[in-house]
Amino acid sequence: MRATLKAAAAAALAAVLLAACGSSETPESGATGDAAADNVKVGVIPIVDVAPLYLGIKQGFFSDRGMNVTTEAGQGGAAIVPGVVSGQFQFGFSNVTSLIIARSKGVPLKIVAAGNSSTGEAGKDFSEVLVKADSPIQSAKDLAGKTVAINTLKNIGDTTIRQSIRKAGGDPTAVKFVELPFPDMPAALQEGRVDAVWVVEPFVTIARDQGARIVASNLVDTSPDTQIAAYFTSEQLQQQDPDLVKRFTEAMNESLEYAAANPDAVRGVLADYTKIDEDVANRLVLPKFPTEINETSLELLATLAAEEKLTDAKLDIAQLLP
């Protein structure tokens, strides 16, 4: 990696990159042990969304294509993106808005495979905005003037929640967002420290078990099939080893297809890399795992990022596409 690229990437990332949906550390895992294969490390966040990758490793989809794949947990997207650019990881996983922000600042990234998407069903999504059972808030319109916890400020959480408020006829500029880690949100809600929380699974199920109720499905309100995340690589790797990128993409797509067809396997693999309780794992709402990159969704999220001043101008998403 050239020193100039490292310096430029580090400067841009320090200023603008935001965490993806949650973060924590888990041990490196997944090596197949084939000395003749290419060693590939993927930077991930240990959440439900990346289950297809772990299933693909277990099913041999990557080893069949000559790759020894290991995973390493980063501190959210802000750690994974520079890891990919610097070559610490060959591939990474992050939410789409974080990738749009990074690319708009000149960070050389390319999406190689879809990650996960909304279910498209209001009240039955893996991403929800919740309030206490006795809260006077009855709809997204009532969030105006209230305090809502999100995991990362100025990212996909606040931009999509504002869409929910607009759709319900409220004032999206009146909501106040505060930053909290997803695991802390159910307690913060029950203790009255915030008026509402935006969480993804398993925290939607955990919060509902504590009596919380859904008032908005922010991804569904934004677009019925919002693509929230993606797998990506650096432009340098794409140029230097296009065959490796091609094989990874093929294996990832097979993994996504397998996950979509085998939801019980998705629930079962969660115990391999998360601390999600088995009972919760069996009841939580799974996202969709499409193989097609949803360009319409990316266009919308790029538009919202520009409108919310997360980027200086609307990103031409062609810069992110393979």
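Here, the structure is the one placed above.
Throughout what follows, the structure given in this document is the object of discussion. (Residues numbered from 1 in each chain as written. Predicted model: local features only at pLDDT ≥ 70, side-chain atom pairs only at ≥ 80, totals over all residues. Heavy atoms only, no water.)

Read across the open sheet, the five strands follow the order β2-β1-β3-β10-β4; overall the sheet is mixed. In the strand order of this sheet, the two ends are held by β2 (67-73) and β4 (109-117), each with one partner. Shown here is a sheet whose adjacent strand axes are inclined to one another by a mean of 25°, direction ignored. Strand direction decides the pairing type here: strand β3 (residues 91-95) and strand β10 (residues 227-234), joined by four bridges, are antiparallel. Counterpart to Asn95 in the pairing with β10 is Ala229. Packing against the sheet, helix α2 (residues 51-59) makes contact with β1 (38-44), β2 and β10, and its axis sits at approximately 145° to β2. (Pairing = 2+ DSSP bridges. Helix = DSSP H or I, 4+ residues; strand = E, 2+ residues; numbered from the N terminus. Axes fitted to C-alpha atoms, helices over the stretch in contact; angles between N-to-C directions. Contact = heavy atoms within 4.5 Å.)

Among the nine residues that make up helix α4 (residues 96-104), eight are buried, leaving the element largely enclosed by the rest of the structure. Structurally, the start of α4 carries an N-cap: the backbone nitrogen of Thr97 is 2.9 Å from a side-chain oxygen of Asn95. Positive phi appears at Gly106, one or two residues downstream of α4, with a value of about 90°. (Buried < 20%, exposed > 50% of the residue type's maximum accessible area, 1.4 Å probe, protein only. Polar contact = N/O pair within 3.5 Å; in protein donor to acceptor, adjacent residues only side chain to side chain.)

The next point concerns the environment of Leu310. For Leu310, the location among the structural elements is in the segment after α13 (295-307). Accessibility expressed as a relative area gives 12% for Leu310, which makes it buried. Sequence-wise, Leu310 and Lys154 are 156 residues apart; in three dimensions their C-alpha atoms are separated by 6.5 Å. Sequence-distant contacts of Leu310, defined by excluding residues within four places in its chain, comprise Thr97, Ile101, Lys154, Asn155, Thr159 and Ala305.

Take the side chain of Gln227 next. Within the secondary structure, Gln227 sits in strand β10. Judged by its relative accessible area of 0%, Gln227 is buried. Within the structure, the side chain of Gln227 is placed 3.0 Å from the backbone oxygen of Ala229, a separation counted as a polar contact. Dropping the residues within four chain positions of it, Gln227 is found in contact with Val96, Ala114, Gly115, Asn116, Ser117, Glu292, Ile293, Asn294, Ser297, Leu298 and Leu301.

All told, the structure shown has seven aromatic pairs when counted by the stated rule. Seen in terms of ring centroids, Phe61 and Tyr258 are 5.8 Å apart; in terms of plane orientation they differ by 70°. Their pairing is edge-to-face. Placement of Phe61 in the loop between α2 and β2 and of Tyr258 in helix α10 (residues 242-261) is noted, with a sequence separation of 197 residues between them. Residue classification places Phe61 among the buried positions, given a relative accessible area of 9%. Summarising the aromatic geometry, the rings of Phe182 and Phe203 are spaced 6.3 Å apart at their centres and angled 25° between planes, so their arrangement reads as stacked. One end of the pair, Phe182, is in the loop between β7 (176-179) and α6 (185-190); the other, Phe203, is in helix α7 (residues 203-209), with 21 residues separating them in the sequence. A relative accessible area of 2% means that Phe182 is categorised as buried. Cluster of aromatic residues (ring-pair linked, three or more members): Phe62, Phe91 and Phe248. (Phe/Tyr/Trp six-rings, centres within 6.5 Å; stacked < 30°, edge-to-face > 60°.)

The next point concerns the sheet that holds strand β9 (residues 213-216). Strand order in the open sheet formed by five strands is β7-β6-β8-β5-β9, with mixed pairing between adjacent strands. Single-partner strands in this sheet number two, and they are β7 and β9. Taken over all neighbouring pairs, the strand axes of this sheet differ in orientation by 40° on average, direction set aside. Strand direction decides the pairing type here: strand β6 (residues 147-150) and β7, joined by four bridges, are parallel. Bridge pairing in β7 links Thr147 to Lys176.

Orientation of α2 relative to α10, taken along the N-to-C sense of each, is 105°, at an axis distance of 8 Å. Comparing the axis directions of α2 and α10 gives the class roughly perpendicular. Between α2, through Pro52, Leu53, Leu55, Gly56 and Gln59, and α10, the contact on the second element is made entirely by Met252, Ser255, Leu256, Tyr258 and Ala259. Along the lines of polarity and charge, the residues of the contact of α2 with α10 split into seven nonpolar, three polar and no charged. (Parallel < 35°, antiparallel > 145°, perpendicular 65-115°, else oblique. Nonpolar A, V, L, I, M, F, W, Y, C, P; charged D, E, K, R; others polar.)

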